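Chains, contacts and geometry: an overview
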Amino acid sequence: MKGKAKIKTPRSKRAGTIFPVGRIARHLRNQMPHMRLGSGAPVYLSAVLEYLSAEVLELAANSARDNRKKRIRPRDVRLAVGHDMELSKLCQDVTFSEGGNMVHINVELLPSQVSKTNKAGSTRKSSAIKVVGTAKKSKRKLHVASPSAAKATSKASATGASCTSSGKASQSSTLKAVSHPMLPVLSEGRLFLGQKLFVVMGDISLINSEAIVHPTNATYSTSGQVGQVLSRAGGLLYQTALGSLKAEGDLPTCGVSMSDMYNIEAAKIIHCNSPSWSKSNGIADLQKSVENCFKIADKEHIKSIALPSIGSGNAGWPKQLAAETILRAIERYFQTIMASSIKNVYFVLYDQDSVDIYTSELKKLLEHSYD
């Protein structure tokens, strides 16, 4: 009695790629018959082609979405490649059919922007989900009140004046632009679809990011380390925005909401009610909290987000487990939402122990992603 024939597993399935390894190997042999072809060459080439295709499609989808198109056109592909430095250099000799040309205007021909003042910082309104105004500002001026406004604000708070009147006093004064330094990057990595992860150490209010995650509780408490730093940096205007969120009701577990931020580089604050370590389904809840933070950031087309070690403070999570859970949640989110607008993720930590843990877990994550 003959035994059953062994089913041959495709090379693409064994390699874990979508692109056909066998077909690529056949084309390589036909194109280069005089050269020896190793067994790993078509596997590596298929992985590279798959990565480049995913990168171009993601950027082209973002371009189509920004132009309010439901289909990816050749023009969207041309814009996606042209706006990415690495892809533009790779495709510098490539002609895109029906892609059009890249618009370039010399800086000297542009009108001066010095005389214009940024009035959006004093008139923005906070909202839990829907945020007034656009979040696509690549460069944002930072403002601090003049000494006379600071005296007026402190005097108003001492006499029990409302936050609204203090805010108006600071807005009516002359504003000065200041610049916060970028925190040094201690470790960095890149995911399969191009998102960059950075590990930095220092004050989270100094990070050059569009949004900052604030781990809190149901009543938007600012007693944590991040909450205290943001309260000091944002001042009375930030407290007013936070008060508007409190008036809308408690924040459920794993729930997120967004408010405006003032006086620092970050324009938005994402408040997250992170779960405590004592809960039975804490790992699933922490993953859901991280995913919700990224979802609301994507909704506002935010390109960079900074977050602390969520849960390892007042929530009581072990740092090692919190880092592993957060990183896995971020990886899974980007695998699910391939057209995410988020490109840079900063882990802003306060102690060397946390830096070592996140650096180690980030290395493990990258090794696992590229296996």
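In case you missed it, the structure is sitting above this.
This brings us to the packing of helix α3 (residues 41–66) against helix α4 (residues 74–83). For the pair α3 and α4, the least separation of the axes is 8 Å and the interaxial angle reads 115°. Taken as axis vectors, α3 and α4 run roughly perpendicular relative to one another. Crossing of α3 over α4 shows right-handed handedness. Facing α3, whose interface residues are V56, L59, A60, S63 and A64, α4 presents D76, V77, L79, A80 and V81. Split into classes, the residues belonging to the contact of α3 with α4 amount to eight nonpolar, one polar and one charged.

Before going further, it helps to spend a moment on the state of the cysteines. All told, the structure shown has zero disulfides when counted by the stated rule. Between C254, a free cysteine, and C272, which holds the nearest cysteine sulfur, the sulfur-to-sulfur gap is 7.3 Å. C272 supplies the cysteine sulfur nearest to C293, a cysteine that is in no disulfide, at a spacing of 3.9 Å.

Right, let's talk about the nonpolar core for a bit. Side chains of a nonpolar character, in soluble globular proteins, are inclined to be buried together. Among the nonpolar cores identified, the biggest contains 38 residues, and I270, F294, V345 and F347 are the most heavily contacted of them. Considering each element in turn, this core owes the most residues, eight residues, to helix α11 (residues 319–336). Residues in contact with I270, not counting those within four places in the same chain, are A211, I212, V213, H214, V256, S257, M258, C293, I296, A297 and I305. L183, F198, L242 and L245 belong to the second-largest nonpolar core, a separate cluster that totals 22 residues.

Below, the discussion takes up the packing of aromatic side chains. This model, assessed by the stated rule, comprises six aromatic pairs. Ring plane angle 20° and centroid distance 5.1 Å describe the contact between F198 and Y346, whose orientation is recorded as stacked. Separated by 148 residues along the polypeptide, F198 in strand β4 (residues 196–201) and Y346 in strand β9 (residues 344–349) bring together distant segments of the chain. Take F198: its relative accessible area is 10%, and that puts it in the buried class. Looking at Y346, the relative accessible area reads 8%, which means it is buried. Measuring from ring centre to ring centre gives 5.8 Å for F294 and F334, while their planes differ by 85°; the resulting arrangement is edge-to-face. Pair noted here: F294 is in helix α10 (residues 282–299) and F334 is in helix α11, with a separation of 40 residues, a long-range link.

The contact between helix α2 (residues 21–31) and α3 brings their axes to 9 Å, and the two run at 115°. Overall, the two elements α2 and α3 adopt an arrangement that is roughly perpendicular. Viewed along their axes, α2 and α3 form a crossing whose handedness is right-handed. Note on element contacts: α3 touches α2 through P42, V43, L45, S46 and L49, opposite V21, I24, A25 and L28. Broken down by class, the residue content of the contact of α2 with α3 amounts to eight nonpolar, one polar and no charged.

Within the secondary structure layout, T216 lies in strand β5 (residues 211–216). A distance of 2.8 Å separates the side chain of T216 from the backbone nitrogen of S221, its partner in a polar contact. When neighbours within four sequence positions are excluded, T216 is seen to be in contact with S221, L251, H271, C272, N273 and S274.

Moving on to the environment of W277. Inspection of the secondary structure puts W277 in the loop between β7 (268–273) and α10. Separated by 39 residues in the primary sequence, W277 and G316 have C-alpha atoms spaced 5.5 Å apart. Once residues lying within four places of it in the same chain are set aside, the contact partners of W277 are A315, G316, W317, P318 and L321.

This brings us to the side chain of E210. Tracing the chain through its elements places E210 in the loop between β4 and β5. Here E210 sits buried without a salt bridge, and the closest side chain of opposite charge, K303, lies 6.0 Å off (N-O distance). At 3.2 Å, the side chain of E210 forms a polar contact with the backbone nitrogen of K303.

On the secondary structure map, Q195 appears in the loop between β3 (185–190) and β4. Distance in space between the C-alpha atoms of Q195 and S341 is 9.6 Å, their sequence separation being 146 residues. Only 3.5 Å separates the side chain of Q195 from the side chain of E58, close enough to count as a polar contact.

Cut-offs and rules
Residues numbered from 1 in each chain as written. Predicted model: local features only at pLDDT ≥ 70, side-chain atom pairs only at ≥ 80, totals over all residues. Heavy atoms only, no water. Axes fitted to C-alpha atoms, helices over the stretch in contact; angles between N-to-C directions. Helix = DSSP H or I, 4+ residues; strand = E, 2+ residues; numbered from the N terminus. Parallel < 35°, antiparallel > 145°, perpendicular 65-115°, else oblique. Left-handed = near helix turned anticlockwise from the far one by under 90°. Contact = heavy atoms within 4.5 Å. Nonpolar A, V, L, I, M, F, W, Y, C, P; charged D, E, K, R; others polar. Disulfide = S-S within 2.5 Å. Core = buried A, V, L, I, M, F, W, Y, C linked by side-chain atoms within 4.5 Å. Buried < 20%, exposed > 50% of the residue type's maximum accessible area, 1.4 Å probe, protein only. Phe/Tyr/Trp six-rings, centres within 6.5 Å; stacked < 30°, edge-to-face > 60°. Polar contact = N/O pair within 3.5 Å; in protein donor to acceptor, adjacent residues only side chain to side chain. Lys, Arg positive; Asp, Glu negative; His and termini not counted. Salt bridge = Lys/Arg side-chain N within 4 Å of Asp/Glu carboxyl O.

Nothing here speaks to function; it is all geometry.
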